[in-house]
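Listed here are the chains, written in short residue letters.
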Amino acid sequence: MALDLAPATGTGTVSDRARYDRATAHLDAPLAIVDLEAFDANAADLVRRAAGKPIRVASKSVRCRALLERVLATDGFAGIMSFTLAESIWLARAGFDDILLAYPSADRAAFAELTADPELARAVTVLVDDPAQLELIDKAREGSAEVRVCLELDTSLHLLGGRVRVGARRSPLRTPEALGALAELVQTRRGFRVVGLMAYEGHIAGVGDAVRGRPLRSAAVRLMQAKARTELAERRAAAVRRLRQVADLEFVNGGGTGSVESTVAERAVTEVAAGSGLYVPRLFDNYRSFTGRPAALFAQPVVRRPGVGVVTVLGGGYPASGAAGADRSPVPYLPAGLSYDPQEGAGEVQTPLIGSAADDLLIGDRVWFRHAKAGELCERFAELHLVEGDRVVRTVPTYRGEGRTYL
């Protein structure tokens, strides 16, 4: 596998590195931080891009309850998009009252808890795209609380008569007719009510259209996304019209960090989802529509100096989920000018880094990295140190630090 040896992009500066080093000088690395100034600036930019429509924050991209509370206190954000039912219930018990579960669940114990508590059931909306999921919920029931249901529309782009598919394999519900038929089934089933529609266009929101050094690929992505946006807008509007014949929809959710502007432009969409744009991991450097500030970083200590132009840091091999490739690795960010050794890459126990900046690093110094994805960084650390200026103002637990592991 070829490794991307280019240094990280983003807006990190010498002064940023100095601030982070001073702020965490009393702490031992490895450690993770969130720069609150950058986090808040990214939140404000998402609100600007959403043009008045509310943003539902994707918890899987944050995975820290304190930071979910912080962003939801920001005008323009409303509600959480969660990723497991157990997480949804935990958040509801913690006081969050508008939680949309973005993935189907087979957690029978959690469904038993949900249906036994009407207040809990009012706070959580579950995703359904198959009648068999309704059967599972009913078999798990331990109470009569009404289950709020969101249906999901498959957003993938089909080309050449369906022989080519672009987009994630999510819902089997592709047409307004299929959605309407399931909605009618849900509405006639005791103990369930359709309240929303979700349609996540990952091939638009999660695929960069300006990849550095890849002009032909970037042009092809832009062409695909233009076609996908047009096709989806028409189909999503038709799906909403069909569902409104059956149910009183409270919300129509779409989009993600990379597609905020195009998603909110659709009249049928009432809210947009976003989460990665708060931390701005490395995979979100490749968009023309926005430029964020890297807010979530982790530091690894220099433990060896094998030779001229080389240092070795402890560990750091934290790959992101998805198809294996160089773009799933974290990247050295500060000091600028470091890259992986192509023969070793990012290692579990040690990571050699090469470049002229290595000669200025001493044993015990820090190298700051950016993760490829957003919330997955929090699976590696029990706490985040929140930095303002050149000091840590608060240390807060991640989900893992609170004893919560959901994936």
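Under an unreviewed UniProt entry, the protein has the name Amino acid deaminase/aldolase and belongs to Kitasatospora terrestris.

A.B. asks: Would you mind going over the packing of helix H5 (residues 108-115) against helix H7 (residues 131-140) in detail, with residue names and values included?
C.D. replies: Their axes nearest at 8 Å, the elements H5 and H7 cross at an angle of 70°. The pairing of H5 with H7 is recorded here as roughly perpendicular in orientation. For H5 against H7, the interelement crossing comes out right-handed. Every residue of H7 that contacts H5 at Arg108, Phe111, Ala112 and Thr115 is listed here: Leu136, Ile137 and Ala140.

A.B. asks: Report on helix H2 (residues 36-50), specifying residues and quantitative values.
C.D. replies: For the α-helix, the turn length of 3.6 residues means that residues three or four positions removed from each other point alike. Between its first and last C-alpha atoms H2 spans 21 Å; for 15 residues at 1.5 Å apiece the expected length is 21 Å, and the two agree. Among the residues of H2, those classed as buried are Leu36, Ala38, Phe39, Asn42, Ala43, Leu46, Arg49 and Ala50. On an axial view of H2, the arc spanned by its buried residues comes to 165°, and they lie on one face. The N-cap residue of H2 is aspartate 35: its side-chain oxygen and the backbone nitrogen of glutamate 37 are 3.1 Å apart. Taken from the residues just after H2, alanine 51 is the one with a positive phi, measuring 55°.

A.B. asks: Just give me the short version of the pairing of strand E9 (residues 192-199), but keep the residues and values in it.
C.D. replies: Judged by how many residues are buried, E9 sits mostly within the fold: seven of eight residues are covered. Pairing geometry for strand E6 (residues 147-152) and E9, over six bridges, is parallel. Across the sheet, leucine 151 pairs through a bridge with leucine 197, a residue of E9. With four bridges connecting them, E9 and strand E10 (residues 251-254) associate as parallel partners. Following the sheet pairing, leucine 197 is matched in E10 by valine 252.

A.B. asks: I'd like to hear about helix H8 (residues 176-188), residue by residue, with values.
C.D. replies: Between its first and last C-alpha atoms H8 spans 18 Å; for 13 residues at 1.5 Å apiece the expected length is 18 Å, and the two agree. If you check which residues of H8 are buried, you get Pro176, Leu179, Gly180, Leu182, Ala183 and Val186. Along H8, the residues classed as buried sweep out an arc of 170° about the axis, all on the same side. Residues Glu177 and Thr188 are exposed on H8 and point more than 90 degrees away from its buried face.

A.B. asks: So what's going on with unusual backbone geometry? Which residues, and what values?
C.D. replies: Cis peptide bonds are those with omega within 30 degrees of zero, and the linkage from alanine 29 to proline 30 qualifies with 10°. Secondary-structure assignment places proline 30 in the loop between helix H1 (14-23) and strand E1 (31-35). Cis geometry marks the peptide bond from leucine 334 to proline 335; its omega dihedral reads 0°. Position of proline 335 among the secondary structure elements: in the loop between strand E14 (331-334) and strand E15 (339-340). In this structure, alanine 51 is a non-glycine residue whose phi angle is positive, near 55°. Mapped onto the fold, alanine 51 is located in the loop between H2 and strand E2 (55-58). Even without being a glycine, valine 280 presents a positive backbone phi close to 55°.

Definitions and limits used
- Residues numbered from 1 in each chain as written.
- Predicted model: local features only at pLDDT ≥ 70, side-chain atom pairs only at ≥ 80, totals over all residues.
- Heavy atoms only, no water.
- Axes fitted to C-alpha atoms, helices over the stretch in contact; angles between N-to-C directions.
- Helix = DSSP H or I, 4+ residues; strand = E, 2+ residues; numbered from the N terminus.
- Parallel < 35°, antiparallel > 145°, perpendicular 65-115°, else oblique.
- Left-handed = near helix turned anticlockwise from the far one by under 90°.
- Contact = heavy atoms within 4.5 Å.
- Expected span 1.5 Å × (residues − 1).
- Buried < 20%, exposed > 50% of the residue type's maximum accessible area, 1.4 Å probe, protein only.
- Arc of directions from axis to C-beta.
- Polar contact = N/O pair within 3.5 Å; in protein donor to acceptor, adjacent residues only side chain to side chain.
- Pairing = 2+ DSSP bridges.

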